[in-house]
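Read off the chains here:
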Amino acid sequence: MVAFKVNDGERGGWSVLLVSGELDLVTSPVLRQRVHDVVADGHHSLVVDLSEVLFCDSSGVGVLIAARRLIRSCHGHLRLILPAQGADGGTSRSSEFEIGGGSHVNRVLGALGVRRLFDVYPDVMEATEEEPEEEADPLSA
């Protein structure tokens, strides 16, 4: 059995959640709660690193879509880490940016036609290179 973990951190003004293991019906509520906790703490610039996820089912995809919706409702930014090489060490013949290429999660999102909804980066360094844009206060307008 593969242990599921979500570790958090911060890098360059971004909150970072590193997810490892299998993201499925049993474990996806953990990730959903962690995303909600980050937003409740006032952080609206989030990187979800999925490079160590070995398996993702539709409930995991649902959590990612819900996270996107939540972050967008706060006028924030969500970035996903989907590397060219999967957590199991396997590589795809396709480029990481093509549908079906790269990590397992990347292939699942591509197969479901929802990968285009996300800002995708190959690693945390690249995703956090630039500071997140300041969020405009809707009450100050």
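Remember, predicted model here, so these are calculated numbers, not experimental data.

1. A few points about the sheet that holds strand E5 (residues 119-121)
The strands that make up a sheet are held in pairs by hydrogen bonds between backbone atoms, and each pair lies either parallel or antiparallel.
Thought 1: On the basis of which strands lie adjacent, the open sheet formed by five strands has the order E1-E2-E3-E4-E5 and mixed pairing. Of all strands in the sheet, those bounded by a partner on one side alone are strand E1 (5-11) and E5. Averaged over all neighbouring strand pairs, the angle between strand axes comes to 25°, with direction disregarded.
Thought 2: The sheet contact formed by strand E2 (residues 14-23) and strand E3 (residues 45-56) spans eight bridges and is parallel. What sits directly across from Val16, in E3, is Val47.
Thought 3: Strands in contact with helix H1 (residues 28-40) are E1, E2 and E3; relative to E2, the strand with the most contacts, it is inclined by about 175°.
Thought 4: Packing against the sheet, helix H2 (residues 58-73) makes contact with E2, E3 and strand E4 (77-81), and its axis sits at approximately 150° to E4.

2. A few points about the side chain of Ser20
Thought 1: With respect to the helices, strands and loops of the structure, Ser20 is situated in strand E2.
Thought 2: Setting aside residues up to four positions removed in sequence, Ser20 forms contacts with Ala3, Phe4, Lys5, Glu52 and Val53.

3. A word on the environment of Arg107
Thought 1: Looking at where Arg107 falls in the secondary structure, it is placed in helix H3 (residues 104-112).
Thought 2: Overall, Arg107 belongs to the partly exposed group, its relative accessible area being 33%.
Thought 3: Arg107 sits 25 residues away from Leu82 along the chain, and the two C-alpha atoms are 9.6 Å apart.

4. Quick look at H1
Thought 1: Taking 1.5 Å of rise per residue, the 13 residues of H1 would be expected to cover 18 Å, and the 18 Å separating its terminal C-alpha atoms lies within 8% of that figure.
Thought 2: Of the positions making up H1, those classed as buried are Ser28, Leu31, Val35, Val38 and Val39. Seen from one end, H1 has its buried residues packed into an arc of 100°, which puts them on one side.
Thought 3: The inward-facing, buried residues of H1 abut E1, E2, E3 and H2.
Thought 4: The positive-phi residue at the C-terminal boundary of H1 is Gly42, with phi of around 90°.

5. What to know about the nonpolar core
Thought 1: Counting residues in hydrophobic clusters, the biggest one holds 28 residues, and the most contacted among them are Leu31, Leu50, Leu80 and Leu109.
Thought 2: Breaking this core down by element, the ones donating at least two residues are E2, H1, E3, H2, E4 and H3.
Thought 3: Leu80 has contacts with Val48, Leu50, Leu64, Leu109, Phe118, Asp119, Val120 and Tyr121, leaving out every residue within four places of it along the chain.

6. A short note on the packing of H1 against H2
Thought 1: In the contact formed by H1 and H2, the axes pass within 9 Å of each other and the chain directions differ by 10°. In terms of orientation, H1 and H2 fall into the roughly parallel class. Each of Ser28, Leu31, Arg32, Val35, His36 and Val39 in H1 lies in contact with H2, whose residues at this interface are Ser59, Gly60, Val63, Leu64, Ala66, Ala67, Leu70 and Ile71.
Thought 2: Looking at the contact of H1 with H2 residue by residue, the classes come out as nine nonpolar, four polar and one charged.

What counts, and at which threshold
- Residues numbered from 1 in each chain as written.
- Predicted model: local features only at pLDDT ≥ 70, side-chain atom pairs only at ≥ 80, totals over all residues.
- Heavy atoms only, no water.
- Pairing = 2+ DSSP bridges.
- Helix = DSSP H or I, 4+ residues; strand = E, 2+ residues; numbered from the N terminus.
- Axes fitted to C-alpha atoms, helices over the stretch in contact; angles between N-to-C directions.
- Contact = heavy atoms within 4.5 Å.
- Buried < 20%, exposed > 50% of the residue type's maximum accessible area, 1.4 Å probe, protein only.
- Expected span 1.5 Å × (residues − 1).
- Arc of directions from axis to C-beta.
- Core = buried A, V, L, I, M, F, W, Y, C linked by side-chain atoms within 4.5 Å.
- Parallel < 35°, antiparallel > 145°, perpendicular 65-115°, else oblique.
- Nonpolar A, V, L, I, M, F, W, Y, C, P; charged D, E, K, R; others polar.

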